[in-house]
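Descriptive analysis of the structure
So you can see what is in the structure, the chains are spelled out below.
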Amino acid sequence: MDYKTAGVDISAGEEFVRLIKPDVRRTFTRGVMTDIGAFGGFFQPDFSGYGEPVLVSSIDGVGTKLKVAAEMGRYDTIGACLVNHCVNDILVCGAKPLFFLDYYACGKLMPSMAADVVKGMVRACRENSCALIGGETAEMPGVYAEEDFDLAGTIVGVVDRGKIINGTAISEGDVMIGFPSTGLHTNGYSLAREVLKGKLQNTCDGLEGTIGDELLNVHRSYLPVVESLLGADELHGMSHVTGGGLMGNTMRIVPEGFSLDIEWTSWPEPMIFDIIRKEGKVPEEDMRRTFNLGLGLVMIVSKNGVDRIMADLKSKDENAYIIGQVTRA
C-alpha cells in the first residue's frame, strides 16, 4: 500500500500549489521576504510611521457557510469572506492588516476547487493591502469525509499604541452609527441552512439571484470606509457584528455602568433575513442574537462628532445610519 491508496495524494497537493502560486504572489507587499513553499513566512514591517507600534492578531473561520458553497458548487466567495472577517476583527481595534495565513483541511484534495477558494483570499488580500504570506493544506481522510473541507485564517496587523480603539472613552450620550452588511456575512449559517434546507436554488422577490447566491455574498471589509477615521478623537469604539448579533458584540466594548439604546427600525434590513424569519418562524430575539440583520459594523462616536463623521462617510457614498445611543445602565 502507498500513501495515495491510504487517501493522501501528494501529487494533488503539488498541483494545488502550482495553481495558486502566481495569484498568491500578487498579494506580496514590500515587507514580504519569502516565496510560497518556505517553512515559515518572513515579513519585515515598516514601522517608521508609528510612535509605539502594537501588533494585533486574530484567527477565525467561515463556519458552515462552507456547506452552502459545497451545495451550490461555488467556491469563489468564501476565501474572501475569511480574509475580510479577520480584517474587520482587527480594524475595530484600530489596526490595519499586514499579513495573512490560511489553513485548508479536507478529506480529499481537489486542486481546482481549493484554488478557487484561495483566489477569493487573494482578491480580498489585494483589496485590503494585506499580504498572503503562507498557509497549510491538510488532506485528512478519516477525519473529514471525502467531500468535506474546513477553512481558517490568521491575520496580523498594526496600530499605534496611542490610537488603539478599545471602548474606554465611551460615555453617556455617545451615538451609534451602523454600517450596512452584505447579508449574513459569516455567521448564523447553521440556523439559516436548517430553515432553508432544499431551497437554495429558489428565487424570491427582492433577491437578485437565488437564495443560495444571496447566502454566498462576500463578507464585507469595512477598512476602505473606516481607515480615514482611525485615530479620530470623536471615535470612541467600534464593534464587528458577528455571532451574538448587534447588541451582544457591541456590549463587549461598552464600559461597565453603560448600556445601549438601539432603534431597531432605523436601518433597512436585507430581504434574506425576513425570508429566514418567516420560513423558520424564528423568534425575533433569536434573529437579533444570531444575525447581523443588515449592519456589519458599528461605530460609537461622541455626540459632537456625529455630523463630521457622517459627512465623511457621505463623501465616500457610504449609507451609514444613526441607530441609537449610549445610556446609563
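Residues numbered from 1 in each chain as written. Predicted model: local features only at pLDDT ≥ 70, side-chain atom pairs only at ≥ 80, totals over all residues. Heavy atoms only, no water.

Attention now moves to the side chain of Asn88. On the secondary structure map, Asn88 appears in helix H3 (residues 78–91). Judged by its relative accessible area of 0%, Asn88 is buried. Once you skip the residues sitting within four places of it in the chain, Asn88 turns out to touch His219, Arg220, Ser221, Tyr222, Leu223 and His240. (Helix = DSSP H or I, 4+ residues; strand = E, 2+ residues; numbered from the N terminus. Buried < 20%, exposed > 50% of the residue type's maximum accessible area, 1.4 Å probe, protein only. Contact = heavy atoms within 4.5 Å.)

Take the pattern of salt bridges next. Between side chains of opposite charge, a pair can form when the charged atoms approach closely. Across all of its chains, the model carries 19 salt bridges by this definition. Among the salt bridges present, the one from Lys67 reaches Asp148, with a minimum N-O distance of 3.3 Å. Of this pair, Lys67 sits in helix H2 (residues 65–72) while Asp148 sits in the loop between strand E3 (131–139) and strand E4 (149–160), placing them 81 residues apart in sequence. By relative accessible area, Lys67 is classed as partly exposed at 40%. Across the pair Lys278 and Asp274 runs a salt bridge whose closest N-O atoms are separated by 2.9 Å. One end of the pair, Lys278, and the other, Asp274, are both in helix H9 (residues 271–280), four residues apart, so they sit about a helical turn from each other. (Salt bridge = Lys/Arg side-chain N within 4 Å of Asp/Glu carboxyl O.)

Bringing the packing of aromatic side chains into the picture now. Scanning all chains against the criterion turns up eight aromatic pairs. Centroid distance Phe43 to Phe99: 5.1 Å. Interplanar angle 45°. Geometry classified as tilted. Placement of Phe43 in the loop between helix H1 (10–25) and strand E1 (53–61) and of Phe99 in strand E2 (residues 96–106) is noted, with a sequence separation of 56 residues between them. With respect to burial, Phe43 and Phe99 carry one shared label: buried. When the ring of Tyr104 is compared with that of Phe149, the centres are 5.4 Å apart and the planes differ by 20°; the resulting orientation is stacked. Residue Tyr104 is located in strand E2, and its partner Phe149 is located in strand E4; the two are separated by 45 residues in the primary sequence. Joined through ring pairs, the aromatic side chains of Phe16, Tyr75, Tyr104 and Phe149 make up one cluster. (Phe/Tyr/Trp six-rings, centres within 6.5 Å; stacked < 30°, edge-to-face > 60°.)

Everything listed here is a matter of geometry and, on its own, says nothing about what the molecule does.
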